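Observations on the three-dimensional arrangement
The residues making up each chain are set out below.
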Amino acid sequence: MDIVQIFDTTLRDGEQSPGFSMNREEKLRLARQLEQLGVDVIEAGFPIASPGDLEAVRAVAGEIRGCRVAALARARQEDVDGALHALEPAAKPRLHIFYATSDLHLKHKLRITRHEAQAQIARMIRFGRKHCDEVEFSAEDASRSDIDYLCDVAEAAADAGATILNLPDTVGYTTPGEYAEMFRRVCARLASYPNIIFSAHCHNDLGLAVANSLAAITAGARQVECTINGIGERAGNASLEEIAVALHVRQAHYGASTNIVLEKIYSTSRLLTAITGVSVPPNKAVVGANAFAHEAGIHQDGILKNPLTYEIIHPEKVGVPSRRLVFGKHSGRNALRARLEELGYRTSESELAECYRLAIERADSAKQVSDRDLLVIIHKVRRASAPDKARHDASTAAAH
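Summary of the structure given here. Predicted, not measured: the structure shown is a model, and the values here were computed from it.

Considering the overall build of the protein
Along its length, the protein carries 16 helices and 12 strands. Taken over C-alpha atoms, the radius of gyration comes to 27 Å for the protein, far larger than the 21 Å a tight globule of 400 residues would show. With the C-alpha coordinates aligned to their principal axes, the bounding extent of the protein is approximately 105 × 40 × 40 Å. Put simply, the protein has 400 residues, and 52% of those count as buried. Looking at the protein alone, contacts between residues at least 24 apart form 72% of all its contacts between residues at least 6 apart.

Next comes the structure, spelled out in structure tokens:
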């Protein structure tokens, strides 16, 4: 079983999205949690961005010992110098150099030729490798680059000393089939470099970041760059929790797994939410409030009989305390009976029927029935039935 390395870029690419900035102490808190989560690489920041970011990267590099710590740099001398300085305290440093390879970026952003870009990339990788044992190169906008030129650059980067080659879908443009084919082409071109690890880095502009990342794995990628809760620039990055759970649930299909401690996924997601103040949508896969919540009566009945009928993984496996059977207008009697029993009330068939009638009435007006509502309903039903029971007992006694 192959291991797909998880390269977490929450502290770098994730932090670059509006509203997600983190200070030094917040980065340290999250880095400690990511280490416990079992990520293989923590990209701690972009040191050239600001003095504060450089110091935050140094702080993370100085404390984290269980996994690699990476710092990002453009293929420019000042960037690489700053990243190397930030990584000095690291036990397992990785220098991450990137440069654009698409004609669109070369012409309109960098205003240089393909030849100039390739020479600059090789020069900075060679320099970086003299000072850091592990260098990763990312071909920015790889998915929109000419494939032959991309292969040329990848080979030049490998010759210069890069051992990890990242082929990003920087703007979330590609599709799974296209992305997989790109990896196959580049992997085939570099077949004589057996020690190269190919990496995927996908953005979610078309909602395909996770699908594209998984497609890359089928085509030879053995590192995936992703973020907690899928945060990142614009529509975000590929979601770490979705990739890790997909590889766990469909391990036989992908022939790969990760070192992620799945039970720590939910707590890591909640910590990021606490630090940034930005909650995940309720329908977010794996960690959203509704990921393990069931309202439809057919689903609830199936869950009560065997959770696998409507859940592909147990909530506890990803650290979610328990599933929720939510009572609403689509719910059934079995779910209501089960919830009332959990609240401490065993009901007769007549009591259940009346409770169900009142609960559905409540659901039509309130959309969802809370435990407090259910307690009010069961008490009301039992109070109403008390006089009838008393009259029945009195009648029975008189007959005797």
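Comments concerning the pairing of strand 2 (residues 5-8)
As paired strands, strand 2 and strand 9 (residues 223-226) are joined by four bridges and run parallel to one another. Following the sheet pairing, Gln5 is matched in strand 9 by Gln223.

A few points about the packing of aromatic side chains
Within this structure, the stated rule accounts for three aromatic pairs. Pairing Phe327 with Tyr356 gives two aromatic rings, centres 6.1 Å apart and planes at 85°, and the pair type is edge-to-face. With Phe327 in the loop between strand 12 (324-325) and helix 14 (333-342) and Tyr356 in helix 15 (residues 349-366), this residue pair connects regions lying 29 residues apart in the sequence. The class of Phe327 is buried, set by a relative accessible area of 5%. Overall, the relative accessible area of 19% leaves Tyr356 in the buried class.

Focus: helix 6 (residues 114-131)
In this model helix 6 runs 26 Å from its N-terminal to its C-terminal C-alpha over 18 residues, within 8% of the 26 Å that 1.5 Å per residue would give. Every buried residue of helix 6 is accounted for by Ala117, Gln120, Ile121, Ala122, Met124, Ile125 and Gly128.

Quick word on the side chain of Asn229
Relative to the helices and strands, Asn229 is located in the loop between strand 9 and helix 10 (240-249). Polar side-chain contacts of Asn229 include one of 2.7 Å to the side chain of Ser269.

Some thoughts on empty space enclosed by the protein
Following the criterion strictly, the structure yields one cavity of 30 Å³ or more and no others. In this model, the largest cavity occupies a volume close to 30 Å³. Considering the residues around the largest cavity, the lining is formed by Gln300, Leu325, Val326, Phe327, Ala335, Leu336 and Arg339. In terms of residues, the lining of the largest cavity owes the most to one element, helix 14, which gives three residues. Grouping the constituent residues of the lining of the largest cavity by class yields five nonpolar, one polar and one charged.

Brief notes about the sheet that holds strand 8 (residues 197-202)
Taken together, the eight strands give a closed barrel; going around it, the order is 2-3-4-5-6-7-8-9, and neighbouring strands pair in parallel fashion. The sheet shows a mean angle of 25° between the axes of neighbouring strands, direction not considered. Alignment of strand 6 (residues 135-140) against strand 7 (residues 164-169), held across three bridges, turns out to be parallel. Pairing of Phe137 across the sheet is with Leu165, part of strand 7. Of the strands in this sheet, strand 4 (68-74) and strand 5 (93-100) are in contact with helix 4 (residues 77-86), which crosses strand 4 at around 160°. Where helix 6 meets the sheet, its contacts fall on strand 5 and strand 6, and the angle it forms with strand 5 comes to roughly 170°.

Concerning the packing of helix 14 against helix 15
Where helix 14 contacts helix 15, the axes come no closer than 10 Å and their chain directions differ by 105°. Considering their axes alone, helix 14 and helix 15 lie roughly perpendicular with respect to each other. Across the interface between the two elements, Arg333, Leu336, Arg337 and Leu340 from helix 14 touch Glu349, Leu352, Ala353, Cys355 and Tyr356 from helix 15. For the contact of helix 14 with helix 15, the per-class residue count stands at six nonpolar, no polar and three charged.

Describing the nonpolar core
In this structure, Phe137, Phe183 and Ile265 are the most contacted members of the largest nonpolar core, which totals 102 residues. Top contributing element to this core by residue count: helix 7 (residues 147-160), with eight residues. Excluding residues within four positions of it along the chain, Phe183 makes contact with Leu167, Phe198, Ser199, Ala200, Ala216, Ala219 and Ala221. Of all hydrophobic cores here, the second largest spans 16 residues; its members include Leu340, Tyr356, Ala359 and Val381.

Examining the pattern of salt bridges
Per the counting criterion, the structure on display carries 34 salt bridges. Ionic pairing is found between Arg382 and Glu351, a salt bridge with its closest N-O pair at 3.3 Å. Highlighted residues: Arg382 in helix 16 (residues 371-399) and Glu351 in helix 15, separated in sequence by 31 residues. When its relative accessible area of 15% is taken as the criterion, Glu351 is described as buried. Connected through shared salt-bridge partners, Arg68, Arg94, Glu134 and Glu136 make up one network.

Quick notes on the rules
- Residues numbered from 1 in each chain as written.
- Predicted model: local features only at pLDDT ≥ 70, side-chain atom pairs only at ≥ 80, totals over all residues.
- Heavy atoms only, no water.
- Helix = DSSP H or I, 4+ residues; strand = E, 2+ residues; numbered from the N terminus.
- Rg over C-alpha atoms; globule rule 2.2 N^0.38 Å.
- Buried < 20%, exposed > 50% of the residue type's maximum accessible area, 1.4 Å probe, protein only.
- Contact = heavy atoms within 4.5 Å.
- Pairing = 2+ DSSP bridges.
- Phe/Tyr/Trp six-rings, centres within 6.5 Å; stacked < 30°, edge-to-face > 60°.
- Expected span 1.5 Å × (residues − 1).
- Polar contact = N/O pair within 3.5 Å; in protein donor to acceptor, adjacent residues only side chain to side chain.
- 1 Å grid on protein atoms, 1.4 Å probe; cavity = no way out; pocket = protein on both sides within 12 Å on 5 of 7 lines; lining within 4 Å.
- Points joined across faces, edges and corners; volume = space filled by probe spheres on them.
- Nonpolar A, V, L, I, M, F, W, Y, C, P; charged D, E, K, R; others polar.
- Axes fitted to C-alpha atoms, helices over the stretch in contact; angles between N-to-C directions.
- Parallel < 35°, antiparallel > 145°, perpendicular 65-115°, else oblique.
- Core = buried A, V, L, I, M, F, W, Y, C linked by side-chain atoms within 4.5 Å.
- Salt bridge = Lys/Arg side-chain N within 4 Å of Asp/Glu carboxyl O.

Read these as layout, nothing more, since geometry by itself doesn't imply function.
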